[in-house]
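Topology and contacts: notes
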Amino acid sequence: MHPAQNPSHGPAAAEARAAYLAMVERISASGARETTAEREELRRLPQELARWLADRRLLDPDGDRLSTPDRALRRIVAEHRRLLRETAERAGRDAEALDDVLSVLTAPRFDAREAVETEYFTDRERTRRRLEELDALSREEFLAMRNSFPDAQVLESSLAGDLDMLANGVRVRMLTSQQAVRSQAPARYLNALTEAGAEVRVAATVPLHMNVLDRAIVIIGAGPGPQGEGGDVILHSTPVAQCFRKVFTHAWDLARPHTVRRTGRGRAGCELSAQEREVLALLATGAKDETIARRLACSDRTLRRLMNQIMEKLGTSSRFEAGVTAARLGLVG
């Protein structure tokens, strides 16, 4: 809010406090409140000062009588108690509505006429390759819910594809749980996404692990399969995707924005040599140490020395963190 609209510091606030204390002192000295005189004095107050007093409940709602500080405090507490009660009631209704929507989504629909193309994977590596293919086809919107994250190497590979989507103008929104961001690798991954333009929010819990692409494709963890193995389902259906998008939007509206916490010093990229930049570019593609060493025609020992130099210059403590910091600084393309 603009300071001129609701001053809490500075000359306006000091003047309002002084006016209030002076009026209270006059009332106390007289021994009795003169309602008419008090009302006339309050009406002569500048609008900005009257609003300051009203915002702090030191002025009655009708604007013609002062309130004592303890009465103002009781009003503030009562109002917030009412707001908290209403918020809790609304959250309870929304949670019940979400459960009802999910129960409808999973119920069989015998009268459905649309054929839904379905893919089912039990091999997580095959799932990742398929997701990379689908992500590359995304053109408008990518929504993701995450209640857990894979290891740092997989995140490093995922980040490259996510940054490509953002560069292509895709709106990326990711909702994750508080528990999921407590590890360093997911936190760095989310920081890099946020700084590249993605929207990231954090909720106490996340109901599903899923992606929704362009309001037409849903990828969702299906839990244990027939033999107890984990599975992932890909559903190609605009109506189904729209339903899951509503679930995402409901949870998204209740979450808070992710706050970027910088973990590295990230000094100027001009300090990196051409060879060090090449190492970073290869790391961004997910290349292994052996591949990078062959590409640079150097020994493993030389490569380790180069990596240590890069991490020292970027102020990072791991390969993954170096890749994230390099992406944020625009050192890899």
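Now for a look at the structure at hand. (Residues numbered from 1 in each chain as written. Predicted model: local features only at pLDDT ≥ 70, side-chain atom pairs only at ≥ 80, totals over all residues. Heavy atoms only, no water.)

One pass over the full model with this rule turns up twelve salt bridges. With a closest N to O distance of 3.9 Å, D60 and R71 form a salt bridge. Here R71 lies in helix α4 (residues 69–106) and D60 lies in the loop between α3 (47–55) and α4, a separation of eleven residues in the sequence. Here D60 falls in the buried class, since its relative accessible area comes to 10%. (Salt bridge = Lys/Arg side-chain N within 4 Å of Asp/Glu carboxyl O. Helix = DSSP H or I, 4+ residues; strand = E, 2+ residues; numbered from the N terminus. Buried < 20%, exposed > 50% of the residue type's maximum accessible area, 1.4 Å probe, protein only.)

So, on to the environment of A287. With respect to the secondary-structure elements, A287 resides in the loop between α9 (274–284) and α10 (289–296). Its relative accessible area of 14% is what places A287 among the buried residues. For the pair A287 and S157, spaced 130 residues apart in sequence, the C-alpha separation works out to 9.4 Å. Sequence-distant contacts of A287, defined by excluding residues within four places in its chain, comprise L282, I292 and R319. (Contact = heavy atoms within 4.5 Å.)

By size, the foremost hydrophobic cluster in this structure holds 28 residues, and its most contacted members are M174, Y189, L190 and L193. For this core, the secondary structure elements donating two or more residues are α5 (124–137), β2 (141–146), α6 (152–167), β3 (171–177), α7 (184–195), β6 (217–224) and α12 (319–328). Residue contributions to this core peak at five residues, all from α7. Not counting the four nearest positions on each side in its chain, L190 is found in contact with F149, M174, T176, V181, V200 and H258. Judged by nonpolar contacts, the second largest core, of 20 residues, contains L175, V212, A241 and A251. (Core = buried A, V, L, I, M, F, W, Y, C linked by side-chain atoms within 4.5 Å.)

Moving on: the packing of α9 against helix α11 (residues 300–314). The interhelical angle for the contact between α9 and α11, taken along N-to-C directions, is 95°, at an axis separation of 10 Å. With respect to α11, the element α9 is oriented roughly perpendicular. Where α9 approaches α11, its residues Q275, E276, V279, L280 and L283 are matched on the opposing element by L303, L306, M307, Q309, I310, K313 and L314. Along the lines of polarity and charge, the residues of the contact of α9 with α11 split into eight nonpolar, two polar and two charged. (Axes fitted to C-alpha atoms, helices over the stretch in contact; angles between N-to-C directions. Parallel < 35°, antiparallel > 145°, perpendicular 65-115°, else oblique. Nonpolar A, V, L, I, M, F, W, Y, C, P; charged D, E, K, R; others polar.)

Let us look at helix α8 (residues 238–254). The first and last C-alpha atoms of α8 sit 25 Å apart over 17 residues, in line with the 24 Å expected at 1.5 Å per residue. Along α8, the positions that sit buried rather than exposed are A241, F244, R245, V247, F248, A251 and W252. Buried residues of α8, seen end-on, are gathered within an arc of 160° and therefore sit on one face of the element. Residues K246, D253 and L254 are exposed on α8 and point more than 90 degrees away from its buried face. The opening residue of α8 is S237, an N-cap whose side-chain oxygen sits 3.3 Å from the backbone nitrogen of V240. (Expected span 1.5 Å × (residues − 1). Arc of directions from axis to C-beta. Polar contact = N/O pair within 3.5 Å; in protein donor to acceptor, adjacent residues only side chain to side chain.)

With that settled, consider the packing of α9 against α10. Between α9 and α10, whose axes approach to 10 Å, the crossing angle comes to 140°. Every pair of crossing elements has a handedness; the one defined by α9 and α10 is right-handed. Residue-level contacts link Q275, E278, V279, L282 and L283 of α9 to I292, R295 and L296 of α10. Classifying every residue of the contact of α9 with α10 by side-chain character gives five nonpolar, one polar and two charged. (Left-handed = near helix turned anticlockwise from the far one by under 90°.)

To continue, consider the pairing of strand β4 (residues 199–203). Within a regular strand, the side chains alternate between the two sheet faces. Pairing geometry for β3 and β4, over five bridges, is parallel. Looking at the pairing, T176 lines up with V202 of β4. The parallel pair β3 and β4 is bridged by α7, and the resulting crossover is right-handed. Across two bridges, the pairing between β4 and strand β8 (residues 256–257) is antiparallel. If you follow R201 over to β8, its bridge partner there is P257. (Pairing = 2+ DSSP bridges. Right-handed = clockwise from strand over helix to strand, strands pointing away.)

Time to look at α5. Across its 14 residues, α5 extends 20 Å between first and last C-alpha, which sits within 8% of the 20 Å expected from 1.5 Å per residue. Of all the residues in α5, the buried ones are T127, R130, L131, L134 and D135. End-on, the buried residues of α5 take up no more than an arc of 140°, which puts them together on one face.

As a further point, take the environment of R277. Looking at where R277 falls in the secondary structure, it is placed in helix α9. Spatially, the C-alpha atom of R277 lies 8.7 Å from that of I310, the residues being 33 residues apart in sequence.

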